[in-house]
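# Structure at a glance
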Amino acid sequence: MEENLLVEIIKDQTYRALWEVKNVIDCVPDELWNKAYCEMPCWKHIYHMLHSLDLWFVNPGDKDYTEPDIHEKELNSLDVIPSKYLLREEINHYFSDIDIKIKTYLSQLTDDQLLDSPPDCEYNRFTLILAQFRHLHSHMGMIMGFIIDDTGLWPRVLGLENSFPIEEYQRYF
């Protein structure tokens with residue numbers, strides 16, 4: 001990684017964050033998937049986090065943005081009791097779509113574009129990315145806290161220097 005290129009640093013940190021998101025999702029035991037935290041099921045906290053990442057990381061003003069097939073009105077809101085239930089497989093599929101979308105976006109992004117705003121958006125690209133890191137890791141911390149409190153297990157994270165596991169690995173520290 002060339003550390004003098006901002007986009008390369010953003011890519012590295014985003015890929016690490018996405019790996020950690022997937023690991024945390026995988027660390028939620030089945031018995032906690034629908035357990036309520038702050039009156040919302042655990043899966044809804046995950047969906048809220050992913051939906052925000054999907055909508056806001058690239059361009060929340062994108063007129064061509066389409067909600068995922070699993071979405072229904074206010075499903076992303078942590079203030080509205082869901083009228084449906086999302087399966088782990090549905091969340092995993094949605095995460096996979098977001099992972100591809102964000103990695104494709106970053107593969108085409110340049111340092112020169114970071115301070116430009118995407119079409120129909122009041123924020124520049126760098127602000128959107130940093131805002132999603134803030135939002136993402138606030139919710140990741142909450143979800144990790146749910147897991148740690150209920151299981152006593154601490155989901156693995158990569159940190160700044162650890163290698164990405166390429167074979168089977170321990171999900172928890």
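Treat the numbers as computed from the prediction; the structure is a model and nothing was measured.

## Some points on the side chain of His45
Considering the arrangement of structural elements, one finds His45 in helix 2 (residues 42-56). Look past the residues within four positions of His45 in its chain and what remains in contact with it is Tyr37, Met40, Leu78, Met142, Ile143 and Phe146.

## Quick notes on the nonpolar core
Grouped together as the largest cluster of nonpolar side chains are 42 residues, with contacts concentrated most on Ile46 and Leu50. Counting residues per element, the ones that place at least two in this core are helix 1 (6-27), helix 2, helix 3 (88-108) and helix 4 (125-151). When residues no more than four places from it in sequence are discounted, the contact partners of Ile46 are Ile25, Val28, Trp33, Ile91 and Ile143.

## Brief notes about empty space enclosed by the protein
Space left empty within the atom packing is revealed by a probe, the size of a water molecule, rolled over the atoms. Counted according to the given criterion, the structure contains one cavity of 30 Å³ or more. Here the largest cavity is characterised by a volume of approximately 40 Å³. Around the largest cavity, the lining residues are Thr14, Ala17, Leu18, Leu53, Phe57, Phe133 and Leu136. For the lining of the largest cavity, the secondary-structure elements that each account for two or more residues are helix 1 and helix 4. Per-element tally for the lining of the largest cavity: the top contributor is helix 1, with three residues. Of the residues that constitute the lining of the largest cavity, the class distribution is six nonpolar, one polar and no charged.

About the criteria used
Residues numbered from 1 in each chain as written. Predicted model: local features only at pLDDT ≥ 70, side-chain atom pairs only at ≥ 80, totals over all residues. Heavy atoms only, no water. Helix = DSSP H or I, 4+ residues; strand = E, 2+ residues; numbered from the N terminus. Contact = heavy atoms within 4.5 Å. Core = buried A, V, L, I, M, F, W, Y, C linked by side-chain atoms within 4.5 Å. Buried < 20%, exposed > 50% of the residue type's maximum accessible area, 1.4 Å probe, protein only. 1 Å grid on protein atoms, 1.4 Å probe; cavity = no way out; pocket = protein on both sides within 12 Å on 5 of 7 lines; lining within 4 Å. Points joined across faces, edges and corners; volume = space filled by probe spheres on them. Nonpolar A, V, L, I, M, F, W, Y, C, P; charged D, E, K, R; others polar.

These figures capture arrangement, not role.
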